[in-house]
Amino acid sequence: MNKNGGVILWILSFGLMIFLFSKIDVSNQNLTKEVTPTEFKEYLTNDNLSELLFDKSVVRGKVKKSQESLMEIYTLPVTSAEFEEIRKLAVEKKVKYRTTPDMSGLWAILGSLFQILLFAGLFLWIMGRQMGKANTFGQSKAKRFQSDKDRKTFADVAGCEEAKEEVREIVEFLKNPGEFSRLGARVPKGILLYGKPGTGKTLLAKAVAGEAGVPFLSANGSKFIEMFVGVGASRVRDLFATARKLAPCVIFIDEIDAVGQKRGSAIYGSHDEGGQTLNALLEELDGFEVNAGIIVMAATNRPDVLDDALVRPGRFDRQIQVPTPDVHGRELILKVHTKDKKIDPSVDLLHIAKDTTGMVGADLENVVNEATLIATKKKKPAVDQSDFSEAVDKVSMGPMRKSIKLTEKEKKTTAYHEAGHTLVAMLTPSADRVHKVTIIPRGQALGFTKQLPEDRHSITKKELEAMVAVCVGGRAAEELAMGEITTGHSDDFKKATDILKNMINKFGMSEEVGMAVFKDKTDFFGNSAGLDASQKTKELLENVLKSKLEETYQKVKELLTKNRNKLDAIANALLEKETLELKDLDLIMKSF
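Residues numbered from 1 in each chain as written. Predicted model: local features only at pLDDT ≥ 70, side-chain atom pairs only at ≥ 80, totals over all residues. Heavy atoms only, no water.

Asker: I keep staring at the overall build of the protein chain and nothing clicks. Help me out?
Answerer: When its secondary structure is counted, the protein chain shows 20 helices and 16 strands. When each of the 592 residues of the protein chain is scored for burial, the buried share is 40%. Put simply, the protein chain shows about 32700 Å² of open surface, and 54% of that area lies on carbon and sulfur atoms. (Helix = DSSP H or I, 4+ residues; strand = E, 2+ residues; numbered from the N terminus. Buried < 20%, exposed > 50% of the residue type's maximum accessible area, 1.4 Å probe, protein only. Areas by Shrake-Rupley, 256 points an atom, 1.4 Å probe, with all protein chains shown as cover.)

Asker: Where do I start with the sheet that holds strand S12 (residues 433-438) in this structure?
Answerer: Note: strands within a sheet are paired through backbone hydrogen bonds, in either parallel or antiparallel orientation. A sheet is described by the order of its strands in space; here 3 strands give the open sequence S13-S12-S16, paired in antiparallel fashion. Since the sheet does not close on itself, it has two edges, and those belong to strand S13 (448-452) and strand S16 (579-581), each with one partner. Each strand axis lies, on average, 20° off the axis of its neighbour in the sheet, ignoring direction. Sheet topology note: the S12/S16 ladder contains 3 bridges and is antiparallel. Across the sheet, the residue bridging to Thr438 is Thr579, located in S16. Where helix H15 (residues 408-427) meets the sheet, it contacts S12 and S13, and its direction lies at approximately 165° from that of S12. (Pairing = 2+ DSSP bridges. Axes fitted to C-alpha atoms, helices over the stretch in contact; angles between N-to-C directions. Contact = heavy atoms within 4.5 Å.)

Asker: Help me out: how do you make sense of the nonpolar core in this one?
Answerer: The tendency in soluble globular proteins is for nonpolar side chains to be buried as a group. Formed by 45 residues in total, the largest nonpolar core has its most connected members in Val472, Leu549, Val556, Leu560, Ile570, Leu574 and Leu580. Breaking this core down by element, the ones donating at least two residues are H15, S12, helix H16 (461-482), helix H17 (490-505), helix H18 (535-562), helix H19 (564-577) and helix H20 (582-590). Of the residues forming this core, the biggest block, 9 residues, is contributed by H16. (Core = buried A, V, L, I, M, F, W, Y, C linked by side-chain atoms within 4.5 Å.)

Asker: How should I be thinking about helix H13 (residues 361-377) in this particular structure?
Answerer: In an α-helix, one full turn covers 3.6 residues, which means residues spaced three or four apart are oriented alike. Compared with an ideal rise of 1.5 Å per residue, which puts 17 residues at 24 Å, H13 spans 25 Å between its outermost C-alpha atoms and is within 8% of the ideal. Buried within H13 we find Gly361, Leu364, Val367, Val368, Glu370, Ala371, Ile374 and Ala375. The positive-phi residue at the C-terminal boundary of H13 is Lys379, with phi of around 60°. (Expected span 1.5 Å × (residues − 1).)

Asker: Would you take a moment to explain the packing of H15 against H18 for this structure?
Answerer: Packed helices, taken two at a time, are described by the angle between their axes plus the distance between the axes. It is at 11 Å that the axes of H15 and H18 come closest, and there the two elements cross at 90°. Looking at the two axes, H15 sits roughly perpendicular to H18. In contact with Gly420, Leu423, Val424 and Leu427 of H15, H18 contributes Val556, Leu559 and Leu560. Considering only residue class, the contact of H15 with H18 consists of 6 nonpolar, 1 polar and no charged. (Parallel < 35°, antiparallel > 145°, perpendicular 65-115°, else oblique. Nonpolar A, V, L, I, M, F, W, Y, C, P; charged D, E, K, R; others polar.)

Asker: I tried to follow the pattern of salt bridges on my own but got confused; where do I start?
Answerer: When their charged atoms lie close together, side chains carrying opposite charge are able to pair. Tallied over the entire structure, the rule returns 23 salt bridges. Glu390 serves as the salt-bridge partner of Lys378, at 3.3 Å between the closest nitrogen and oxygen. A residue pair is termed long-range when its members are at least 10 positions apart, and Lys378 in the loop between H13 and helix H14 (385-397) and Glu390 in helix H14 qualify at 12 residues. For Glu390, a relative accessible area of 26% gives the class partly exposed. One network of salt bridges, with partners in common, ties together Asp355, Asp393, Lys436 and Lys450. (Salt bridge = Lys/Arg side-chain N within 4 Å of Asp/Glu carboxyl O.)

Next comes the structure, spelled out in structure tokens:
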């Protein structure tokens, strides 16, 4: 409790004590007998009283020891005349008497004083709490991690070896700053980590502090922005003031795009709360020397929206991409997340890594956790390969929807739909390899065909065309086998359309359009406002898109028609087994 709080508590306690005393009637203490004025006179006349006390309108008398064992009596309220008569009789009998002062007025005053003290104390208490809130409103919301329990090291980070190498010198600087200043080198003040969500940017920043053994101050960019202008700037200043006291240390600002967006746009002016907060951040980044022992690290998923002043040299002058891990990186991440789990020795982490193309560290951690839960529910002594396979499907496609009861027609349509995707993928040389196909409903899908794309950084035109062909293969198979089409291919055609749009508008892969790039333009509020092209060009792009999609669809129908026996075989196998692995599909294809 602070000093002001203690004073207020004493005031309230003192006032309560006065209030209680004001309610005590001293005239009613230690009395054993009540008599009338006439009876009281008889006690006095018979010389039975040793002492009298005149108290307000009541007369007390103490009985002599020889009479009623120290009994004290008092009369009922007496008049002034009776009061005077008893006093004269006491003088006559030579009985000692005394008169108590009238304290009613004093206690009334003290009672009123208590009420004043009570209201004053409550007022001061409320004002103290409000002032305390006001004082902390502008304080930083950063969390501090320093204990061994929260400590992370580079051993806990996997799948981003290049990024780890880039930040190793920051660790050395925090451990031994003098070594870097020996030759005049300048260590970057700010490190910007960018990449997809879940790639491990926050974990990497924690590992830097953990390896160096320094405090780690973590704050989210949204914590700086408040309704009141100036609060965010105050929190930024408080954060850096705290860091100076803890130096050497690491400041980490997650989602920095929440506070560091480009100024001057219609939705992010330079005079609002966000603009002032960003100005304060820029000022603080310039406000400490390189040798101050403070390293500022930040993370974002959208480096393109950051203000140019924030990422210029001297502020966040080193930008490090934390990429989506490749197959080797995914294997290393799986090893990190499975080291404290009971895993069956037969589990092949490399196989799981190949089965999780495109997943980031957070996804892989979820896969390991789901596999552990699945094995626990099945009462297994350890997590085996089948648990991981089911966990991958659950994370990527959603849980099984066992409550769905498909009709025979729906089940057959779904089987041919997935068989169409599968067969087109297996017959198209540039398509990604099929790993699994199932007609068990998961998530919003009644079935799915899973392919395992290779880890690649660029895609050829043939590979994109193969993706479009696989997408439309489901509808082509439905139309060929069932004689009608359903609504189950809407998402497939959306994917096919998006791929073709990018090929035509961005990648220059259309002979009719050429190498020109057409981007989407935005309106005043940053929303998409259509393609940035003339009406004639838009019509050309739409016509090329439609003709390319229709051409691909007809080629796929011809391919499935030529291989109708294989299509039927895969569909029938799905109706029988519901799920087919790659080895099952290879047996079917080799039988023809």
